[in-house]
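# Observations on the model geometry
What follows is each chain in one-letter form.
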Amino acid sequence: MVTTSLLSQARRSRPRLYIPILGIVFLLVLGAGFLTRYMVGKVAFLDNLLLKIDFTVPFLDVHLYGPELMNDYLWVIFCLPGTILIFVLTTIMAHRKKAYSFLAALESLSSFIVLLAMVIIILLPKYFKAEYMKIVLEVYKYGRYAFLGIHGLACVFAFFDPWLIASKYREIYKLRRVRLMRSKQYHKDKKTFKKLFARRKYPELCEFLYEPYIDPNSNLKLTPSAIEYLVYSGAEARKTLETIRLTQMARTGQTTGMKVEVAANKAEAKRLLGDQYYVDPKTVPPFLAKYGKKGPVEVTPNTPSKKMLKKMRKAEKKAEKERRKVAHKALKAAKKQGKIRP
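Notes on the structure in this doc start here. Keep in mind it's a predicted model, so treat the numbers as computed, not measured.

### Things to note about the overall build of the protein
- Secondary structure assignment for the protein yields twelve helices and two strands.
- The order of helices and strands in the protein, counted from the N terminus, is α-α-α-β-β-α-α-α-α-α-α-α-α-α.
- Counting across all 342 residues of the protein, residues that qualify as buried make up 32%.
- Accessible surface for the protein amounts to roughly 23500 Å². Of this, 64% is attributable to carbon and sulfur atoms.

### Notes on a positive patch on the surface
- Judged by side-chain charge, K188, K191, K195, R199 and K201 come together as a positively charged surface patch.
- Within the element layout of this structure, R199 appears in the loop between helix 8 (186–198) and helix 9 (202–214).

### Concerning the packing of helix 8 against helix 9
- The interhelical angle for the contact between helix 8 and helix 9, taken along N-to-C directions, is 150 degrees, at an axis separation of 9 Å. Here helix 8 is positioned roughly antiparallel relative to helix 9, judged by the angle of their axes. Pair helix 8 / helix 9 crosses with left-handed handedness. Residues D189, T192, F193, L196 and F197 of helix 8 touch helix 9, and the partners they reach there are Y202, E204, L205, F208 and L209.
- Taken together, the residues of the contact of helix 8 with helix 9 break down into seven nonpolar, one polar and two charged.

### Quick look at the pattern of salt bridges
- Counted under the stated rule, the structure contains seven salt bridges.
- R96 is the partner of D161 in a salt bridge, and the nearest nitrogen-oxygen pair spans 3.3 Å. Separated by 65 residues along the polypeptide, D161 in the loop between helix 6 (130–159) and helix 7 (170–181) and R96 in helix 4 (residues 66–96) bring together distant segments of the chain. Take D161 and R96: they sit in the same class, and that class is buried.
- Put simply, R271 and E268 hold a salt bridge, and the shortest N to O gap is 2.7 Å. Here R271 pairs with E268, and both are found in helix 11 (residues 255–273), just three residues apart, close to one helical turn.
- Each of R96, K97 and D161 takes part in salt bridges that share partners, so that together they form one network.

### A word on the nonpolar core
- Among the nonpolar cores identified, the biggest contains 34 residues, and Y73, V76 and Y140 are the most heavily contacted of them.
- Looking at this core, the elements with two or more residues in it are helix 2 (18–35), helix 3 (44–51), helix 4, helix 5 (101–123) and helix 6.
- Counting residues in hydrophobic clusters, the runner-up holds 22 residues, among them Y169, F193, Y202 and L209.

### So, the layout of surface pockets
- Empty space within the second largest pocket amounts to approximately 550 Å³.
- Around the second largest pocket, the lining is made up of 17 residues, and of these P15, R16, Y173, R176 and K194 lie nearest the centre.
- Every element with two or more residues in the lining of the second largest pocket is listed here: helix 7 and helix 8.
- The element best represented in the lining of the second largest pocket is helix 7, accounting for five residues.
- Partitioning the lining of the second largest pocket into residue classes produces nine nonpolar, no polar and eight charged.

### Here's the deal with the side chain of R179
- For R179, the location among the structural elements is in helix 7.
- Here the side chain of R179 touches E211 through a polar contact of 3.3 Å, side chain to side chain.
- Setting aside its immediate chain neighbours within four residues, R179 contacts D189, F208, E211 and P212.

### Some details on the packing of aromatic side chains
- Going through the model one piece at a time under the given rule, you end up with nine aromatic pairs.
- Between F34 and Y38 the ring centres are 5.8 Å apart and the planes differ by 70 degrees, which places this aromatic pair in the edge-to-face class.
- A relative accessible area of 24% means that F34 is categorised as partly exposed.
- Owing to a relative accessible area of 46%, Y38 belongs among the partly exposed residues under this scheme.
- Taking 5.1 Å as the distance between ring centres and 90 degrees as the angle between the ring planes, the aromatic pair formed by F159 and F160 counts as edge-to-face.

### Regarding helix 11
- In this model helix 11 runs 26 Å from its N-terminal to its C-terminal C-alpha over 19 residues, within 8% of the 27 Å that 1.5 Å per residue would give.
- At the exit of helix 11 stands G274, carrying a positive phi of roughly 75 degrees.

### Some words on helix 7
- In this model, helix 7 (twelve residues) spans 16 Å end to end at C-alpha, consistent with the 16 Å of a helix rising 1.5 Å per residue.
- Here the buried face of helix 7 lies against helix 1 (4–10), helix 8 and helix 9.

### Brief notes about the packing of helix 7 against helix 9
- Helix 9 packs onto helix 7 with a crossing angle of 55 degrees between their chain directions and a minimal axis gap of 9 Å. For the element pair helix 7 / helix 9, the angle class is oblique. At the point where helix 7 passes helix 9, the crossing takes the left-handed sense. Residues I172, L175, R176, V178 and R179 of helix 7 touch helix 9, and the partners they reach there are F208, L209, Y210, E211, P212 and Y213.

### Some remarks on the environment of I24
- You can see I24 is positioned in helix 2.
- Judged by its relative accessible area of 41%, I24 is partly exposed.
- Placed 135 residues apart in sequence, I24 and F159 show a C-alpha to C-alpha distance of 6.9 Å.

Rules used in this analysis
- Residues numbered from 1 in each chain as written.
- Predicted model: local features only at pLDDT ≥ 70, side-chain atom pairs only at ≥ 80, totals over all residues.
- Heavy atoms only, no water.
- Helix = DSSP H or I, 4+ residues; strand = E, 2+ residues; numbered from the N terminus.
- Buried < 20%, exposed > 50% of the residue type's maximum accessible area, 1.4 Å probe, protein only.
- Areas by Shrake-Rupley, 256 points an atom, 1.4 Å probe, with all protein chains shown as cover.
- Patch = residues over 30% accessible without salt bridge, like charges linked within 9 Å, V, L, I, M, F, W, Y side chains within 5 Å.
- Salt bridge = Lys/Arg side-chain N within 4 Å of Asp/Glu carboxyl O.
- Lys, Arg positive; Asp, Glu negative; His and termini not counted.
- Charge placed at Lys NZ, Arg CZ, Asp CG, Glu CD.
- Axes fitted to C-alpha atoms, helices over the stretch in contact; angles between N-to-C directions.
- Parallel < 35°, antiparallel > 145°, perpendicular 65-115°, else oblique.
- Left-handed = near helix turned anticlockwise from the far one by under 90°.
- Contact = heavy atoms within 4.5 Å.
- Nonpolar A, V, L, I, M, F, W, Y, C, P; charged D, E, K, R; others polar.
- Core = buried A, V, L, I, M, F, W, Y, C linked by side-chain atoms within 4.5 Å.
- 1 Å grid on protein atoms, 1.4 Å probe; cavity = no way out; pocket = protein on both sides within 12 Å on 5 of 7 lines; lining within 4 Å.
- Points joined across faces, edges and corners; volume = space filled by probe spheres on them.
- Polar contact = N/O pair within 3.5 Å; in protein donor to acceptor, adjacent residues only side chain to side chain.
- Phe/Tyr/Trp six-rings, centres within 6.5 Å; stacked < 30°, edge-to-face > 60°.
- Expected span 1.5 Å × (residues − 1).

Okay, structure coming up:
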């Protein structure tokens, strides 16, 4: 059954339209960075930029020249803006759905390995032995494509994100689909669903989702979830009404009538449950505390205040006076009709 607790957990993970849109845009940025590898000699702006990279790194005695570095190394640098944007998006996705945390970790790890290998190959080759450099070159050779592949995969997940819903939350969207399919005001109900979710009105949202099943004229086949909700919500509604009614009887001085109702309810419960019906004092609603100290229901859990007792006695005296007046009139009328001899 969909509960308020489940809805509160699902709130953060509900589908968002901006995620697939950003996923497509960031994938294009990443793709543009990768394509710079094949644009050398074809795009004047890129060629001029590469020619400006021509200097020797102090202390390391390493000469850097753009056109030579482009084919194997610089295109990875041009991919960095796209990968940074994708990592930010993956972090947002991981905040909403924890399963994406693994993907964000892989992105961080692959970026670190590739950039570290690149720095060693370009700037620090003389500090590593030939056999170690061979390993670093192999790591970089395959790592750069894993680096691109992982970030590209994150964009694919971002595109399908609205449809990737955890199994425990699928019941919510199944109920939403049923509600919208049977709705005469499709767009209004769609907005209502979003509004209730956004404002965290989970009890109202529960009622909204199960409303097609509650309708007596509905021909929908009841699911186990719907049956559970109908039983629970119906029983809660009855309990709330009965609580209000008995409280009102107490407040208006109808103590005898209230006792009769309570006794009848307990007798019915005993008959159906096959045992004496007791109430745990801990479950007594807080508002009853003002009538007396909490304790066993059979002792004095709901003792009225002095002011309330005065009102109740006054009301009972008035009721007794009215009863006697009615009885006296009835007796007088019966005597007149000769039904009772003086």
